Amino acid sequence: MVLAIIPSCLSLSQKPSHSFGLPKKNSFGEHERSVKRNCIKRPQIVPSRNYAEAAGLRVFIISDLHAEYSENMKWVKDLSNTRHKKDVLLVADKFEYVFYVPGNHDLWCRREAEDSHFLVQSARSLFKLDSLDKLNNLLDACKRLGVQTSPMSIDSLGIIPLFSWYHESFDKEEDITEVFIPSLEMACKDFHTCKWPDELSNRDTSLALYFDAMNEKNKDLIKEIQGECSPIITFSHFLPRQELCPEKRMLFYPNLPKIIGSDFLEVRLRSIHGTEGSASACHVFGHTHFCWDSTLDGIRYVQAPLAYPRERKRRMNGGEDWLPYCIYSDGKFADKLMPCYWSEYYSINPRTPHNTQLAPWVSRFYKRR
């Protein structure tokens, strides 16, 4: 997860130019026809034309860069040097400030030679590293590069990175049982490429609690920001609420909710924004690669992922033309990010997690297997 802070007068900010227009309370058949139509031609997110008019502090957000893909790295390198010539970005050196929290891919312990220059001086010591070692090395590298991983206030705006990890019990909704679903170990590389000390595990809450406890060291700084700043943006890689992901019957991998979020993260951010939230509260997240913009219990939750190249090709809102997304400028939050297919869907259609009937596109997928 990357959060870039732009104090210049030029930006890539945008306003919605289309309404999504989902029919109210779609039946599965109606929804499937809508999906088919929209897969052919869907409204695109278009950068606004008024970026030269705004002034002052700007906050741009982007998640899931996946720079291991050449197409994504090219996108990062192609970010405008004219608009951000005084700015610093972790990869491309084009933003004033960059805030960052690590995600699961960042802590994979693979033995590729290209990792060795970042982690250690010899391949032999690389093999001994676990994911906590890699995390510490990564945070040290951020310090050297001037990338922010701690809370900070800028022009009365509070920016608070939150460390987190997922746990299975985050998933509270009914499981899909009518088809064979691969195990978490088969579907998620984290179970093989992340290496943890014996006392930490993906299969219980120990990792989620460990990462949440990392935020304790910033308690005093967060308290200062709470007293001095409004609004406040918190951000994490993982999800704080299950409602920020489509229901299981809509997903090609219905067990996805077991590896995406943390209840402790929601408690943590509510301790910052307040249990009832406010108009000045925003939380930015990543990980699932679904564009999302919704307000739940008084807090605005936003995801703006670059994601994988193949995902951008088949999804309505790509990412190359409108990311990074300007969430804050001129002392206020941006208008709602549109069109976000699933968050718009749930703004009209109630969530029914007790319904385990597979969506038609998911059902067809499993019948072909």
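Everything quoted here is computed from the prediction, not taken from an experiment.

## Some details on the pairing of strand β7 (residues 281–284)
In β7, alternate side chains face the same way, and those of Ala-281 and His-283 on one face and Cys-282 and Val-284 on the other are all buried. Bridge analysis of strand β6 (residues 232–235) against β7 gives four bridges, and the strand direction is parallel. Bridge pairing links Ile-233 to Cys-282 in β7. On the question of chirality, the crossover connecting β6 to the parallel β7 by way of helix α10 (residues 263–273) is right-handed. Of the strand pairs in this sheet, β7 and strand β9 (residues 299–303) are connected by three bridges, and their pairing is parallel. Residue pairing for β9: Val-284 is matched across the bridge by Val-302.

## Side note on unusual backbone geometry
At the junction of Ser-230 and Pro-231, the peptide bond is cis and its omega measures out at 5 degrees in the coordinates. Along the chain, the position of Pro-231 falls in the loop between α9 (219–228) and β6. At Asp-64, a position not held by glycine, the phi torsion is positive, near 55 degrees. Residue Asp-330 is not a glycine yet carries a positive backbone phi of 50 degrees. When you line up the elements, Asp-330 lands in the loop between β10 (325–329) and β11 (332–333).

## Re the nonpolar core
Ranked by size, the top nonpolar core spans 53 residues in total, and within it Trp-165, Trp-196, Phe-211 and Trp-342 carry the most contacts. When contributions to this core are tallied by element, the ones reaching two or more residues are α5 (131–145), α8 (206–213), α9, α10, β9, α12 (341–348) and α13 (360–368). A per-element tally of this core places α12 first, with four residues. Ranked by size, the runner-up nonpolar core spans 36 residues in total, among them Trp-75, Ile-233, Ile-327 and Leu-337.

## Let's talk about the confidence of the model for the chain
A residue-level look at the chain finds 75% of positions with pLDDT of 70 or above and a mean pLDDT of 80. Below pLDDT 50 for its whole length, residues 84–93 participates in 31 contacts with residues either more than four positions away or in separate chains.

## A word on the packing of aromatic side chains
Under the definition given, this model contains 16 aromatic pairs. Judged by centre distance (5.9 Å) and plane angle (70 degrees), the rings of Tyr-210 and Phe-211 are edge-to-face. The partly exposed category is assigned to Tyr-210, whose relative accessible area is 35%. Aromatic pair Trp-342 and Tyr-345: ring centres 5.4 Å apart, planes at 75 degrees, arrangement edge-to-face. Taken together, the positions of Trp-342 and Tyr-345, both in helix α12 and three residues apart, correspond to about one turn of that helix. Members of the aromatic cluster, connected to one another through ring pairs, are Trp-165, Tyr-166, Trp-196, Tyr-210, Phe-211 and Phe-238. It is Arg-351 that lies over the ring of Tyr-346; its NZ or CZ is 5.2 Å from the centre.

## Remarks on α8
Regarding α8, the residues found buried are Ser-206, Leu-207, Ala-208, Phe-211 and Asp-212. In this fold, the buried residues of α8 make contact with α5 and α10.

## Re the side chain of Gln-242
One can find Gln-242 in the loop between β6 and α10. Reaching out from Gln-242, the side chain makes a polar contact with the side chain of Asp-171 at a distance of 2.9 Å. If we ignore the near neighbours within four places in the chain, the residues touching Gln-242 are Phe-170, Asp-171, Lys-172, Glu-173, Lys-248, Pro-257 and Arg-351.

## With respect to the sheet that holds β7
An order of β4-β5-β6-β7-β9-β8 is seen for the six strands of this open sheet, with the pairing classed as mixed. For this open sheet the edge positions go to β4 (152–154) and β8 (292–296), each flanked by a neighbour on one side alone. Strand-to-strand, the axes of this sheet are offset by a mean angle of 20 degrees, without reference to chain direction. Running over the sheet, α9 touches β4, β5 (157–161) and β6 and is turned about 155 degrees from β5. The strands touched by α10 are β5, β6, β7, β8 and β9; relative to β9, the strand with the most contacts, the crossing angle is about 130 degrees.

Cut-off values and rules
- The numbering scheme is per chain: residues are counted from 1 as the chain's sequence reads.
- A pLDDT threshold of at least 70 governs which residues receive local features in this predicted model, and a stricter bar of 80 or more applies before side-chain atom pairs are shown or counted, although totals over entire chains, interfaces and linings include all residues.
- To get the side-chain values, all heavy atoms of the structure are used, and hydrogens and water are removed first.
- Burial classes: relative accessible area under 20% of the type maximum marks a residue as buried, over 50% as exposed, and values in between as partly exposed (1.4 Å probe, protein chains only).
- Helix and strand definitions follow DSSP, with helices as H or I runs of at least four residues and strands as E runs of at least two, each counted in order from the N terminus.
- Only strands joined by at least two bridges in the DSSP assignment are considered to pair.
- Here the term right-handed applies to a crossover when the path leading from its first strand over the helix to its second strand runs clockwise, the strands being oriented away from the viewer.
- Only buried residues count toward a nonpolar core. Its members are Ala, Val, Leu, Ile, Met, Phe, Trp, Tyr and Cys residues joined through side-chain atoms within 4.5 Å.
- You can read pLDDT as the predictor saying how much it trusts each residue, on a scale of 0 to 100.
- Any two residues whose heavy atoms approach within 4.5 Å are treated as being in contact.
- Between 30 and 60 degrees the pair is tilted, below 30 it is stacked and above 60 it is edge-to-face, where a pair is any two Phe, Tyr or Trp rings, Trp via its six-membered ring, whose centres lie within 6.5 Å.
- We call a charge positioned over a ring when the NZ of a Lys or the CZ of an Arg lies within 6 Å of the ring centre and within 35 degrees of the ring normal.
- Here a polar contact is taken to be a pair of N or O atoms separated by no more than 3.5 Å, where protein atoms must pair a possible hydrogen donor with a possible acceptor and residues adjacent in sequence count only if both atoms sit in side chains.
- Axis geometry follows a simple rule: fit a line to the C-alpha atoms, using only the stretch in contact for helices, then measure angles between N-to-C directions, giving values from 0 to 180 degrees.

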